[in-house]
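Okay, here's what each chain looks like letter by letter:
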Amino acid sequence: MRSAYIQESVIISPLGFDTAQNFKQLQAGNSALRKTTLSASLGETVVAQLDEEALNNHFQALGVESFGSRMEKMSLAALMPIIQQRPITANSLLILSTTKGNIQALADQDIQGSFIPAMAKRIADYFAFQQEPLVISNACVSGLMALSVAKRFIQMEQVSDVYIIAVDELTPFVLSGFQSFQALSPENCRPYDQDRQGVNLGEAAVACYVSSVKEADSIRIAGDANINDANHISGPSRTGEGLYLSIQKALQEANLKAEDIDYVLAHGTATRYNDDMEAIAFHRAGLANCPTTSLKGYYGHTLGAAGLLEAVITAECLRRQFVLASLGYAHPGTTEPMHIQQETLAKEIKTALKTASGFAGTNTALILTTD
Amino acid sequence: MYYISQYIQLQAGTVLFNGNPFFQSEHSEFKGFAKELYQKLELQYPKFYKMDNLCKLAFLASEIILQGNQESDVALLFSNQEASLGSDLQHQAHIQDPEQYYPSPAVFVYTLPNISIGEVSIRHQFKSESMFLLADAYPSTYLLPYTQYLLASGKAKKVLCGWFRMQDDNYEACCYLVEKEGPIAHETQTIE
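Since we're looking at a predicted model, the values are computed, not measured.

## Some words on helix H6 (residues 172-180) of chain A
Item 1. The buried fraction of H6(A) is high, at seven of nine residues.
Item 2. Elements in contact with the buried residues of H6(A): strand S3 (44-48) and strand S7 (201-202) of chain A together with helix H3 (85-96) and helix H4 (105-108) of chain B.
Item 3. Remark: Gln182(A) follows H6(A) within two positions and exhibits a positive phi of approximately 55°.

Below you can see the structure in the form of structure tokens.
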């Protein structure tokens, strides 16, 4: 069976408009989180929001200013530089990952405008993809699941290559919901820390190219699994069962053991329950001593974009031989001990594990390797 | 080669199971239909009453098609066009007017279409592969090879594929179970 490789990526986030800029900001320890008031009803929240003026300038420079909703523009801006380098073929697949699409349209009574397949079709038509786009909406694992599915379609030899867009916006719709769950942190989030108070939300659009050809900078997807907890629709499993099984199955496929994993880029939302669930799952999987980082302290939780955002950063860590500090962490605070990476430094790493978990008990684990 | 062992269609108050009439409700609108079908199935599952309509539809269809299923490694591949529109509109109504602002976690949690996968997984204790796809029409081009892949690679023993339309009071569920044996070949013609 042929292999699938992560090639180049573009990250449109409050920390920059390409992957290199983003990585530089992470290395410098800069967070995009700011106190912001999106509406009087929401009050002040800590979020990672794109600067509207910088974003519009970026759209204009790319020549996409007249195209559709803000979210569509973000998606185009992410994918365009990749397609300019890598022209699509008759057999190329476009995958769109999002939890809520242009949900903001509902506030204006525009129901049709909120339909995600139509948005995916407009993006696919813009770039003249000949295959129908494949749209994944699987809560907070969507972006990572998109990579898993891309790898599988390449292995099946159903498509020649895959272009993925993972995108979600910061909206009163989603913020109000997380607020009603009392899940939002009033300060910058602190994944895995004893004083963590919850999650911050963010927004991003990420594009990534996946193909079967090994190139100089390619990162191989060596194993993957997407296993449900079958436990609770909004609460993480107390045994971390789905995440544990996802890791086991991904390791098995990659023909690796826990001790072969050099680095874990985990989900780490900084809610009490999520972080404990992960600690338990990693402990059961024999990964308690493996250096582990959450990127939520830099970007907040970008929902359907998060999995891909964090996976392409993991790929950058493997390319550059770097591990990143888990921003916001100071004191152990999970029910099982973890090895949280506290410094950003150069380090020899060959194989990394990327995980994500989300509402509905959904989990994804992906093993990335330089070989 | 894999086969469709069971299939089910629910719409306008009617349930067809493997092509045969299984249930006919006095009500064609979803609320009455779902309640009557739940009673007919003699279920004792209080969580059902908390679900939104999309989850109820997926739950009821799965309940019938999985009668007699003993396998726990059943992948769930669900799909529709409108995602969780019903709950989205309800949550939007709760936050639209700043004077009457009351977002509810009980509604918000259903504003993701894959919650339907969570509900079915919990009910049947499926710790298995799953995915929710959005498309204008049933994405058979992708679900056919993906299903074959899951079975051939050993990532699942059976695969339950479903389309769950829930727009206004227009509802439709079409589901089929794919495995090693069954009366119908699993190919493009039969799943469309």
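## Quick look at the sheet that holds S3(A)
Residue and element names in this part refer to chain A.
Item 1. Strand order across the open sheet formed by three strands is S2-S3-S7, with mixed pairing between neighbours. Every other strand in the sheet has two partners, leaving strand S2 (34-37) and S7 as the edge strands with one partner each.
Item 2. Strand direction decides the pairing type here: S3 and S7, joined by two bridges, are parallel. Bridged to Ala48 within S7 is Gly202.

## Focus on the packing of helix H5 (residues 142-155) of chain A against helix H6 (residues 140-152) of chain B
Item 1. It is at 10 Å that the axes of H5(A) and H6(B) come closest, and there the two elements cross at 85°. Judged by the angle between their axes, H5(A) and H6(B) are roughly perpendicular. Counting all contacts with H5(A), which are made through Val149(A), Lys151(A), Arg152(A), Phe153(A) and Gln155(A), the residues of H6(B) involved are Tyr142(B), Pro145(B), Tyr146(B), Tyr149(B) and Leu150(B).
Item 2. For the contact of H5(A) with H6(B), the class distribution of residues is seven nonpolar, one polar and two charged.

## Structural notes on the domain arrangement of chain A
Residue and element names in this part refer to chain A.
Item 1. We note that the domain assignment places domain 1 (5-211) and domain 2 (219-369) within chain A.
Item 2. Across the boundary between the two partners, domain 1 contributes 60 residues, which contact 66 residues of domain 2.
Item 3. Interface area, domain 1 with domain 2, both sides summed: about 5,100 Å², of which 66% is carbon and sulfur.
Item 4. Considering only the side of domain 1, the residues that lose the most area to domain 2 are Leu144, Tyr192 and Arg196, jointly responsible for 18% of the buried surface there.
Item 5. Along the contact surface separating domain 1 from domain 2 lie five salt bridges.
Item 6. Where Arg152 meets Asp224, a salt bridge forms, and the shortest distance between an N and an O atom there is 2.8 Å.
Item 7. Across the contact surface, domain 1 and domain 2 share 32 residue pairs in polar contact (both at pLDDT 80 or more).

## Structural notes on the interface of chain B and chain A
Item 1. Listed per partner, the contact involves 47 residues of chain B and 59 residues of chain A.
Item 2. The contact between chain B and chain A buries some 4,300 Å² in all, and 65% of this surface belongs to carbon and sulfur atoms.
Item 3. Along the contact surface separating chain B from chain A lie four salt bridges.
Item 4. With a shortest N-O distance of 2.7 Å, Lys155(B) and Glu253(A) are connected by a salt bridge.
Item 5. Between chain B and chain A we count 20 residue pairs in polar contact (both at pLDDT 80 or more) in total.
Item 6. Secondary-structure elements contributing two or more residues to the side of chain B that touches chain A are H3, H4, helix H5 (115-124), strand S5 (130-134) and H6 of chain B.
Item 7. With seven residues, the top contributor of residues to the side of chain B that touches chain A is H3(B).
Item 8. Residue composition of the side of chain B that touches chain A, grouped by class: 26 nonpolar, 14 polar and seven charged.
Item 9. Bridge count for strand S5 (residues 134-136) of chain A against S5(B) is two bridges, and the pairing is antiparallel. Residue Ile136(A) lies in a different strand from S5(B), and its bridge partner there is Leu133(B).

## Details of the confidence of the model for chain B
Item 1. When pLDDT is averaged along chain B, the result is 96, and 100% of the positions lie at 70 or above.
Item 2. Reported confidences for the modelled complex are a pTM of 0.98 and an ipTM of 0.97.

## Examining unusual backbone geometry
Glycine aside, negative phi is the norm for most residues, and most peptide bonds take the trans geometry.
Item 1. Located in the positive-phi region is Leu303(A), a residue other than glycine, with phi close to 50°.
Item 2. Inspection of the secondary structure assignment puts Leu303(A) in the loop between helix H9 (296-299) and helix H10 (306-320).
Item 3. Judged by its relative accessible area of 4%, Leu303(A) is buried.
Item 4. Positive phi, normally seen in glycine, also occurs at Asn18(B), with a value near 50°.

## Remarks on the environment of Gly304(A)
Item 1. Note on placement: Gly304(A) falls in the loop between H9 and H10.
Item 2. Dropping the residues within four chain positions of it, Gly304(A) is found in contact with Ser97(A), Thr98(A), Thr99(A), Ala139(A), Ser142(A), Gly143(A), Ala166(A), Val167(A) and Asp168(A).

## Comments concerning the environment of Tyr110(B)
Item 1. Positionally, Tyr110(B) belongs in the loop between H4 and H5.
Item 2. By relative accessible area, which is 6% here, Tyr110(B) ends up buried.
Item 3. Each C-alpha atom of the pair Tyr110(B) and Asn53(B) lies 9.6 Å from the other, and the pair is 57 residues apart in sequence.
Item 4. Look past the residues within four positions of Tyr110(B) in its chain and what remains in contact with it is Ile233(A), Lys50(B), Met51(B), Asp52(B), Cys55(B), Ser84(B), Ser87(B), Ile115(B) and Glu119(B).

Rules used throughout
Residues numbered from 1 in each chain as written. Chains lettered and ligands numbered in written order. Predicted model: local features only at pLDDT ≥ 70, side-chain atom pairs only at ≥ 80, totals over all residues. Heavy atoms only, no water. Buried < 20%, exposed > 50% of the residue type's maximum accessible area, 1.4 Å probe, protein only. Helix = DSSP H or I, 4+ residues; strand = E, 2+ residues; numbered from the N terminus. Contact = heavy atoms within 4.5 Å. Pairing = 2+ DSSP bridges. Axes fitted to C-alpha atoms, helices over the stretch in contact; angles between N-to-C directions. Parallel < 35°, antiparallel > 145°, perpendicular 65-115°, else oblique. Nonpolar A, V, L, I, M, F, W, Y, C, P; charged D, E, K, R; others polar. Domains from an automatic or database assignment. Buried area = accessible area lost by both parts, 1.4 Å probe. Salt bridge = Lys/Arg side-chain N within 4 Å of Asp/Glu carboxyl O. Polar contact = N/O pair within 3.5 Å; in protein donor to acceptor, adjacent residues only side chain to side chain. pLDDT = per-residue confidence, 0-100.

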